Amino acid sequence: MQPGKCFGLCSRAKTGRRSGGIFRCRLCRGKAEGVIDMGYGYGYGFYMDWTYVLVLIGAVLCMAASAKVNSTYSKYARVRSMSGMTGAQAAQRILNANGIYDVRVEHIRGSLTDHYDPSSKVLRLSDAVYGSSSVAAIGVAAHECGHAVQHQKGYAPLRISAALVPAANIGSRIGLPIVILGVIFGGAGSLLAQIGIWVFSAAVLFQIVTLPVEFNASNRAMHMLTQYGILGQQEVGHVRKVLGAAALTYVAAAASSILQLLRLVILFGNRGGRDRD
C-alpha cells in the first residue's frame with residue numbers, strides 16, 4: 001500500500017486525514033493500513049460495513065414470511081372442504097360465475113407456483129392446488145381467480161403492475177451489476193453507479209405496486225367463496241389465514257427490496273458530496 005493513501009472506493013489521499021498514525025478517508029472511512037475497504041460491504045481487517053444490517057433484516061423478514069406461509073398452508077392443506085371441490089373445479093366455477101369464459105385453467109408443476117397470466121389469459125394451478133380438495137387449495141385457486149377478475153374489470157393497480165414488469169425484470173437483473181461496474185470504474189457516487197440505483201429502483205417500485213394488487217385479490221377471493229357457496233363461513237376463516245400468510249411474503253419481499261435500495265443509496269448515492277470533495 002502507498003503510505004497516506006486510502007485504498008477504499010475514492011482512492012484519493014487528499015480527501016482524508018490522519019488519526020493515530022492511520023490514514024482515514026472521509027468518504028469511505030476505510031483504513032489505508034491493515035484493510036482494503038471496497039465500500040460495498042466487503043471489508044477485510046478491522047472495518048465492518050454497518051449497512052449489512054439492512055440486508056440481514058430483509059433476509060430475516062423473507063425467511064420468516066416463507067416459514068409462516070409454508071406452515072399455514074401445510075396445516076390447512078390437511079383440511080378437506082365440505083363441498084369436495086378441487087382447486088381447479090373451484091377456479092372454473094368462480095370464472096364462470098363472473099362471466100369469464102376465455103380464461104383457461106391449467107396445471108403447472110411445482111409447489112405454490114400458482115399464478116394468473118393476463119397476457120395469455122391462463123390461470124395456472126400447482127400440484128398441491130389443481131387436484132386438491134383442501135380449503136387451502138381452494139383458497140389459493142380463488143386468489144388467482146381474483147386476479148382474473150381484476151383483469152376483466154380493468155383494475156388500475158393491476159394495469160400499472162403489468163406495465164412495470166419489463167422494467168422490473170431489467171432492474172432486478174442488471175441494476176446491481178451496473179452499480180458494481182460504476183463503483184469499479186468511477187468510484188462511489190459515480191454517475192454509472194447512480195444509474196444502476198435508478199434501474200434497480202424499477203424492481204422496488206414493482207414490489208410496492210404489487211401489494212395492493214395481492215391484497216385486493218385475496219379480498220375478492222374470500223368474498224366470492226362465500227357468495228358462490230363454495231366454502232362455509234368457518235372454511236373461509238381458514239382461507240383467510242392462508243391468504244394472510246401468503247400476503248406476508250409480498251410485504252417481506254417489498255421491505256427487503258426497499259432496504260436493499262436504501263443501502264445502495266447510502267453507499268453510492270451521494271454524487272454531490274463526492275464532487276465537492
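For the structure given in this document, a descriptive report is provided here.

### Remarks on the pairing of strand E5 (residues 122-125)
The two faces of E5 match: Val 122 and Arg 124 on one face and Leu 123 and Leu 125 on the other face are all buried. Bridge analysis of strand E3 (residues 104-107) against E5 gives four bridges, and the strand direction is parallel. The partner of His 107 across the bridge, within E5, is Leu 125. Hairpin remark: strand E4 (residues 115-117) followed by E5, antiparallel, with four residues in the connecting loop; positive phi at Lys 121, about 55°.

### Quick notes on the sheet that holds E5
As summarised here, the arrangement of the three strands in space is E3-E5-E4, forming an open sheet in which the pairing is mixed. Each edge of the sheet is formed by a strand with only one pairing partner; in this case those strands are E3 and E4. Geometrically, the sheet is characterised by an average inter-axis angle of 25° between neighbouring strands, direction not taken into account. Docked against the sheet, helix H4 (residues 135-153) engages E4 and E5, running at close to 25° with respect to E4.

### Overview of unusual backbone geometry
Located in the positive-phi region is Leu 112, a residue other than glycine, with phi close to 55°. In this structure, Leu 112 sits in the loop between E3 and E4. Non-glycine residue Lys 121 carries a positive phi angle of around 55°. In this structure, Lys 121 sits in the loop between E4 and E5. You can call Lys 121 partly exposed: its relative accessible area is 31%.

### Structural notes on the nonpolar core
Counting residues in each nonpolar core, the largest one holds 36 residues, and the members touching the most others are Ile 94, Leu 125, Leu 225, Ile 230 and Leu 231. For this core, the elements supplying multiple residues, two or more each, are helix H1 (52-76), helix H2 (87-97), E5, H4, helix H6 (191-227) and helix H7 (233-268). The element contributing the most residues to this core is H4, with 10 residues. Not counting chain neighbours up to four residues away, the residues in contact with Leu 231 comprise Ser 81, Val 135, Ile 138, Leu 225, Thr 226, Val 236 and Val 239. Among the nonpolar cores identified, the runner-up in size contains 10 residues, and Ile 197, Val 204, Leu 261 and Leu 264 belong to it.

Calculation notes
Residues numbered from 1 in each chain as written. Predicted model: local features only at pLDDT ≥ 70, side-chain atom pairs only at ≥ 80, totals over all residues. Heavy atoms only, no water. Buried < 20%, exposed > 50% of the residue type's maximum accessible area, 1.4 Å probe, protein only. Helix = DSSP H or I, 4+ residues; strand = E, 2+ residues; numbered from the N terminus. Pairing = 2+ DSSP bridges. Axes fitted to C-alpha atoms, helices over the stretch in contact; angles between N-to-C directions. Contact = heavy atoms within 4.5 Å. Core = buried A, V, L, I, M, F, W, Y, C linked by side-chain atoms within 4.5 Å.

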